[in-house]
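Commentary on secondary and tertiary structure
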Amino acid sequence: MAVHHQFDTVKRNWYHIKWFADSDTPRERRLIMKLDLLIVPYAFLAYWIKYIDQANLNNAYVAGLKEDLGFHGNELVQLQTLYTVGAVVGQIPFMFLFTYLPMHWTIPFLDIAWGFFTLAQYRANSFGQMAAYRFLIGWFEAAFFPAMHYIFGSWYRGDEISRRGGVFYTGLTLGTLTAGLIQSGASSRLEGVNGLAGWRWMYVICALVTIPVGILGYFILPGTPENPNKWFLKDEDVEIAKERLARVGHSVVHPKFKLSTLQSLANNWKFWALLMLDVFFWNGSLNYSAGGYLLWLKSLGRYSQSKVNELGTISPAIGIFYVLLICFISDLVVGPAWAITIAHVWNIIGLVILVIWNVPESALWFAFMTTYSSVAMSAVLYGWINAIMGKSSAERSFALVLLNTVAQSTTAWTQLLTFPTKEAPQFKKGYSFVLANAVCLIITAQFLNVALKRSNKPTVDTEQNAETGFTTASNSDKRQEGVDVTPGKGD
């Protein structure tokens, strides 16, 4: 049976922004609003908690952990690397399991598990203990990000993901910001209480926030249309979701992962282009996780431990603006390739200053304020992956995890080589390496954008097929894949 796709041929100005598409029926709009209320707030909360638990190592390090555990060399970057190794290893099973496991059970379980190991860090008394805990936190946090994007891609069209993913992704910047505030408060108010240092209290507080959020997920996460959570969704809601995705060519049949999926991906040039893009993204954003800003503040020697952590919240606070701006303009104005370009042009400006380094102190402040533009387009990138690979749920789930796993795994050794703690805070090798990757990221995004336009260029055959209903994607999805849909050019 032919699948008919709706085409919106009206070209809007950027300021004519609507949350719903004109083609969405009242029933579909009610469903979208319900999904927004179930998925987006939980995704934001859980990602916020994840990044509190991930970023708090840097805050603890400058708040006394270094001295208490006797660190004197590259222990910080080694702990960061062990977290990355855990995150990479932990993702591998989920390349095969996403289509088998109920996501509304899987994600909350992972949340709660990493919460317990976050708590365990308060009792660490050696590098070895802290290394084990960081590895296990990385392992249990590993699948969260691709799993949430798998859920987004299971319910939303390609042109709807980035702005919702943007709200989700502000959890990263807010989590980093909050970790600094928690550590600042713990250092100034809880230092020595019950014999515990302020950085140890921070881990206790983080765990007490993390575990309840994980429990909440069992009740409100909607799962996927194939395996939905019926606490708030009705059978009618699931059918409506499948119908609206089918109209734009998204797979609504969820086959289980098979070895043939690997062969299909290996023969798909888009998969390899996306892999290159993701590798450049992960390595082009190492500057946000290396702790350079906090280490620079500490090196100035004019701020207390609590003040260093307070000032350290400025950069991630500005990052919230970057994330929302880039994600919304991607969905509603310029598309993913140009959103990625805009974000990393701003990142490059800051990196050039950091590479030069011998500049007025005000210039270094400015450069560190651009840091979070490097990750502002993450939701755009993974939304783009969802759209491009959306014809098969098995391929989409495998691609989301594999791309993230391979790209993140490269940072396990690149960060160790380019950001050794002994070279802090200048990190000349590190910032130069990140700068080169940011440039390559922009070039690859634009290449993929052009290649997608050419591969989707209408031919006589496809135009004839369109008359009978056999078209491949709606304008909204073409825009998400980078195809020009301006009347007279693509229709």
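Below is a short write-up of the structure.

Thresholds applied
Residues numbered from 1 in each chain as written. Predicted model: local features only at pLDDT ≥ 70, side-chain atom pairs only at ≥ 80, totals over all residues. Heavy atoms only, no water. Helix = DSSP H or I, 4+ residues; strand = E, 2+ residues; numbered from the N terminus. Polar contact = N/O pair within 3.5 Å; in protein donor to acceptor, adjacent residues only side chain to side chain. Phe/Tyr/Trp six-rings, centres within 6.5 Å; stacked < 30°, edge-to-face > 60°. Buried < 20%, exposed > 50% of the residue type's maximum accessible area, 1.4 Å probe, protein only. Patch = residues over 30% accessible without salt bridge, like charges linked within 9 Å, V, L, I, M, F, W, Y side chains within 5 Å. Areas by Shrake-Rupley, 256 points an atom, 1.4 Å probe, with all protein chains shown as cover. Salt bridge = Lys/Arg side-chain N within 4 Å of Asp/Glu carboxyl O. Axes fitted to C-alpha atoms, helices over the stretch in contact; angles between N-to-C directions. Left-handed = near helix turned anticlockwise from the far one by under 90°. Contact = heavy atoms within 4.5 Å. Nonpolar A, V, L, I, M, F, W, Y, C, P; charged D, E, K, R; others polar. Parallel < 35°, antiparallel > 145°, perpendicular 65-115°, else oblique.

Turning to its location among the elements, serine 264 is positioned in helix α10 (residues 259-266). Spatially, the C-alpha atom of serine 264 lies 8.0 Å from that of glutamate 395, the residues being 131 residues apart in sequence. Among the polar contacts listed, one links the side chain of serine 264 to the side chain of glutamate 395, at a separation of 2.4 Å.

With that settled, consider the packing of aromatic side chains. In total, this model carries 31 aromatic pairs according to the counting rule given. Note on phenylalanine 427 and tyrosine 431: the rings are 6.2 Å apart at their centroids and 75° apart in plane angle, and the pair reads as edge-to-face. The class for phenylalanine 427 is buried, based on a relative accessible area of 1%.

It is worth spelling out a nonpolar patch on the surface at this point. Taken together, Ile92, Phe96, Leu97, Tyr100 and Leu101 make up a surface patch of nonpolar side chains, about 400 Å² in accessible area. Examined against the element boundaries, leucine 97 turns out to sit in helix α3 (residues 94-97).

Quick look at the packing of helix α6 (residues 144-155) against helix α7 (residues 158-189) now. One way to put it is that α6 packs onto α7 with a least axis distance of 11 Å and a crossing angle of 145°. In terms of crossing hand, the pair formed by α6 and α7 is right-handed. Between α6 and α7, the contacting residues are Phe144, Phe145, Met148, His149, Phe152 and Gly153 on the first element and Ile161, Arg164, Gly165, Phe168 and Tyr169 on the second. Across the contact of α6 with α7, the residue classes break down as seven nonpolar, three polar and one charged.

Before going further, it helps to examine unusual backbone geometry. Note that the residue after alanine 424, namely proline 425, is joined by a cis bond; omega there is 0°. With respect to the helices and strands, proline 425 occurs in the loop between α19 (393-418) and α20 (428-455). Located in the positive-phi region is tryptophan 357, a residue other than glycine, with phi close to 70°. With respect to the secondary-structure elements, tryptophan 357 resides in the loop between α16 (336-356) and α17 (361-369). Of the residues examined, tryptophan 357 reaches a relative accessible area of 12% and is grouped as buried. Positioned with a positive phi, phenylalanine 427 is a non-glycine residue whose angle comes to about 50°. The topology assignment puts phenylalanine 427 in the loop between α19 and α20.

All right, on to the pattern of salt bridges then. Overall, the coordinates contain 15 salt bridges when judged by the stated rule. Where arginine 247 meets glutamate 28, a salt bridge forms, and the shortest distance between an N and an O atom there is 2.9 Å. One end of the pair, arginine 247, is in helix α9 (residues 235-247); the other, glutamate 28, is in helix α1 (residues 26-68), with 219 residues separating them in the sequence. Classification of glutamate 28 by relative accessible area gives buried; the value is 4%. Notably, a salt bridge pairs arginine 302 with glutamate 361, separated by 3.0 Å at the nearest N-O pair. Of this pair, arginine 302 sits in the loop between α13 (292-299) and α14 (305-311) while glutamate 361 sits in helix α17, and the two are 59 residues apart along the sequence. What makes glutamate 361 partly exposed here is its relative accessible area of 32%. Among the charged side chains, a network of salt bridges with common partners joins Asp24, Arg157, Glu160 and Arg244.

A few words on the packing of helix α4 (residues 103-120) against α6. At a closest axis distance of 11 Å, the pairing of α4 and α6 adopts a crossing angle of 155°. In terms of orientation, α4 lies roughly antiparallel with respect to α6. The hand of the α4/α6 crossing is left-handed. Every residue of α6 that contacts α4 at Met103, Ile107, Asp111 and Trp114 is listed here: Phe144, Ala147, Met148, Tyr150 and Ile151. Along the lines of polarity and charge, the residues of the contact of α4 with α6 split into eight nonpolar, no polar and one charged.

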